[in-house]
Amino acid sequence: MYLSILSCLFSYICIMLAVALFTLLERKGLSYIQIRKGPNKVGMAGVPQPIADAAKLLTKEIAKPTMANFFPYFIAPIFSLILALLLWQLYPSLYSTNYFKWGILFFLCVSSLNVYGTLVAGWASNSKYALLGSLRAIAQTISYEVSMALILLFPLFLVGSFNFIEIKNYQEFIWFAFLFPVALIWFTTSVAETNRAPFDFAEGESELVSGLNIEYGSAGFVLIFLAEYANILIVSLFSALLFFGGSSVLGMQSDLVFMVKVMGFFSFLFIWVRGSYPRFRYDLLMNLTWKKFRPVELTFLLFTLCFSSIFYM
């Protein structure tokens, strides 16, 4: 029992370090996209910069807005981070001794709870900017959750299992990304689900100052952004797992290959998109999912359902 607890704590520490290094990768990547230097003063090539930023923010005084609702205001960032860490229990390592049989169902249940952290953070701050940012984020997240759930049905129908390990093993010789164009829709949906540019309407600086996190500073600010970046990494992991064979390449299995796919390609793709595209209009974002993505998803889902029913017969 104690060993399993220590193993979980060690895993969460590693996740936090991965998130810290990902923030450094983002700042470096965006700086070179914009033809400038990123963090390069602290330590060697700016590598300790995320640790310095975390130490600075966590040692600051925690200020409470006078009109904020005390308990929900402080609980919302913690709740969001706990949900982000829970999803990492689904990591399909080759050396894992415990697997979720209903992994996809668990993923949908936990990811759907993210809206509550966003809602409570915006409402409890008692600021019109934070509330408007949280309401826009909730509408966006709920809309794209429908798209995400429909896309998750594709590998589920083909494999006939909710288990991520079985889905990964099914793609040993051919990846699902080559069979369905919905892999591109999945990535776009993932960008919208994580509130990332060009779909970062919860944090529209031009009209909402900083959106739902405007009243948060020090530790609360750190927890909100830890949750956001942990979600980016886990969504990158599931993108590699569901459509790009997970840890398999040319019939071989390797955790190193898996992490190269996650960190070297999908995670950097989030940064690349942010540095390349301006922010969408909100109505165009909603039209994209309800009027463009939904017909394509339902059409291909019907085709997949017919194909899988013939195959299993």
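- Looking at an unreviewed UniProt entry, one finds the chain named NADH-ubiquinone oxidoreductase chain 1, with Bivetiella cancellata as its source organism.
- In UniProt, the chain has this text filed under Sequence similarities (unreviewed entry): "Belongs to the complex I subunit 1 family."
- Per UniProt, the comment on the chain under Catalytic activity (unreviewed entry) is "a ubiquinone + NADH + 5 H(+)(in) = a ubiquinol + NAD(+) + 4 H(+)(out)".

Concerning the UniProt feature "transmembrane region" (unreviewed entry) in the chain
Thought 1: Here the UniProt feature "transmembrane region" (unreviewed entry) sits at residues 6–25, 70–91, 103–125, 146–167, 173–192, 221–244, 256–273 and 293–312.
Thought 2: Secondary structure across residues 256–273 comprises 100% helix and 0% strand; the distance between its end C-alpha atoms is 25 Å.

Focus: the pattern of salt bridges
Thought 1: Applying the stated criterion to the full structure yields seven salt bridges.
Thought 2: For Arg 281, the salt bridge is made with Asp 283, and the minimal N-O distance between the two is 2.8 Å.
Thought 3: Look at the salt bridges and you will find they share partners, linking Glu 26, Arg 196, Glu 228 and Arg 274 into a network.

Description of empty space enclosed by the protein
Thought 1: Taken as a whole and judged by the stated rule, the model has one cavity of 30 Å³ or more.
Thought 2: Here the largest cavity defines a volume of roughly 420 Å³.
Thought 3: Secondary-structure elements contributing two or more residues to the lining of the largest cavity are helix H3 (70–86), helix H4 (103–112), helix H5 (114–124), helix H6 (128–159) and helix H10 (218–243).
Thought 4: If you tally residues by element for the lining of the largest cavity, the top one is H10, at six residues.
Thought 5: The residue inventory of the lining of the largest cavity, partitioned by class, reads 15 nonpolar, nine polar and three charged.

Focus on the packing of aromatic side chains
Thought 1: Considering all chains together, one arrives at 16 aromatic pairs under this definition.
Thought 2: Summarising the aromatic geometry, the rings of Phe 70 and Phe 74 are spaced 4.9 Å apart at their centres and angled 65° between planes, so their arrangement reads as edge-to-face. Pair noted here: Phe 70 and Phe 74 are both in helix H3, with a separation of four residues, about one helical turn.
Thought 3: Under the relative-accessibility criterion, Phe 74 is labelled partly exposed at 27%.

With respect to the layout of surface pockets
Thought 1: Reported here for the largest pocket is a volume of approximately 890 Å³.
Thought 2: Lining the largest pocket we find 33 residues, and of these Thr 23, Leu 57, Phe 221, Phe 225 and Tyr 229 sit closest to its centre.
Thought 3: Listing elements by their share of the lining of the largest pocket, those giving two or more residues are helix H1 (2–33), helix H2 (49–58) and H10.
Thought 4: In terms of residues, the lining of the largest pocket owes the most to one element, H1, which gives nine residues.

Thoughts on the packing of H10 against helix H11 (residues 255–276)
Thought 1: One way to put it is that H10 packs onto H11 with a least axis distance of 9 Å and a crossing angle of 120°. Here H11 runs oblique to H10, going by the angle between their axes. Considering the relative orientation of H10 and H11, their crossing is right-handed. Here Tyr 229, Ile 232, Leu 233, Val 235, Ser 236, Leu 237, Ser 239, Ala 240 and Leu 241 of H10 come into contact with H11, specifically with Phe 258, Lys 261, Val 262, Met 263, Phe 266, Ser 267, Phe 270 and Arg 274.
Thought 2: Of the residues that constitute the contact of H10 with H11, the class distribution is 12 nonpolar, three polar and two charged.

Some thoughts on the environment of Leu 298
Thought 1: Looking at the element boundaries, Leu 298 is found in helix H12 (residues 282–312).
Thought 2: Looking at Leu 298, the relative accessible area reads 45%, which means it is partly exposed.
Thought 3: Sequence separation of Leu 298 and Leu 25 is 273 residues, and the distance between their C-alpha atoms is 36 Å.

A short note on the side chain of Ser 236
Thought 1: The topology assignment puts Ser 236 in helix H10.
Thought 2: At a separation of 3.4 Å, a polar atom in the side chain of Ser 236 contacts the side chain of Ser 267.

As for H4
Thought 1: Among all positions of H4, only Gly 103, Ile 104, Phe 107, Val 110 and Ser 111 are buried. Seen from one end, H4 has its buried residues packed into an arc of 135°, which puts them on one side.
Thought 2: The inward-facing, buried residues of H4 abut H3, H5, H6, helix H7 (164–170), helix H8 (182–193) and H10.

What counts, and at which threshold
Numbers given for residues are sequential positions, taken from 1 along each chain in its written order. Local features in a predicted model are, by the rule used here, given only for residues with pLDDT of at least 70; side-chain atom pairs are given and counted only at 80 or more, and totals for whole chains, interfaces and linings are based on all residues. Note: side-chain values were computed over all heavy atoms of the structure, leaving out hydrogens and water. UniProt positions are given in the numbering used here, feature names are shortened, and annotations may be inferred rather than shown by experiment. Going along the chain from the N terminus, every DSSP run of H or I of four or more residues is numbered as a helix, and every run of E of two or more is numbered as a strand. Any carboxyl oxygen of Asp or Glu within 4 Å of a side-chain nitrogen of Lys or Arg constitutes a salt bridge here. Cavities and pockets were defined on a 1 Å grid built from protein atoms only: a cavity is a group of points that admits a 1.4 Å probe but offers it no way out, a pocket is an open group of points flanked by protein on both sides within 12 Å along at least five of seven lines, and a lining residue is one with an atom within 4 Å of any such point. Grid points are joined across faces, edges and corners, and a volume is the space filled by probe spheres set on the points. Each residue gets one of three labels, nonpolar for Ala, Val, Leu, Ile, Met, Phe, Trp, Tyr, Cys and Pro, charged for Asp, Glu, Lys and Arg, and polar for the others, Gly among them. Classification of ring pairs uses Phe, Tyr and Trp, with its six-membered ring standing for Trp, and accepts pairs whose centres are within 6.5 Å; under 30 degrees between planes counts as stacked, over 60 as edge-to-face, and the remaining range as tilted. Burial classes follow relative accessibility: with a 1.4 Å probe on protein chains only, a residue under 20% of its type's maximum area counts as buried, one over 50% as exposed, and anything between as partly exposed. Orientation is described by lines fitted to C-alpha atoms, with helices fitted over the stretch in contact, and by angles between N-to-C directions that extend from 0 to 180 degrees. An angle below 35 degrees is treated as roughly parallel, one above 145 as roughly antiparallel, one from 65 to 115 as roughly perpendicular, and anything else as oblique. Definitions for this section: a left-handed crossing has its near helix turned counterclockwise from the far helix by less than a right angle. A right-handed crossing has that turn clockwise. The contact criterion used throughout is that any non-hydrogen atoms of two residues lie within 4.5 Å. Polar contacts, as counted here, are pairs of nitrogen or oxygen atoms within 3.5 Å of one another; within protein the pair requires one atom able to donate a hydrogen and one able to accept it, and residues that are adjacent in sequence qualify only if both atoms are side-chain atoms. Note that the arc is defined by the directions from the helix axis to the C-beta atoms.

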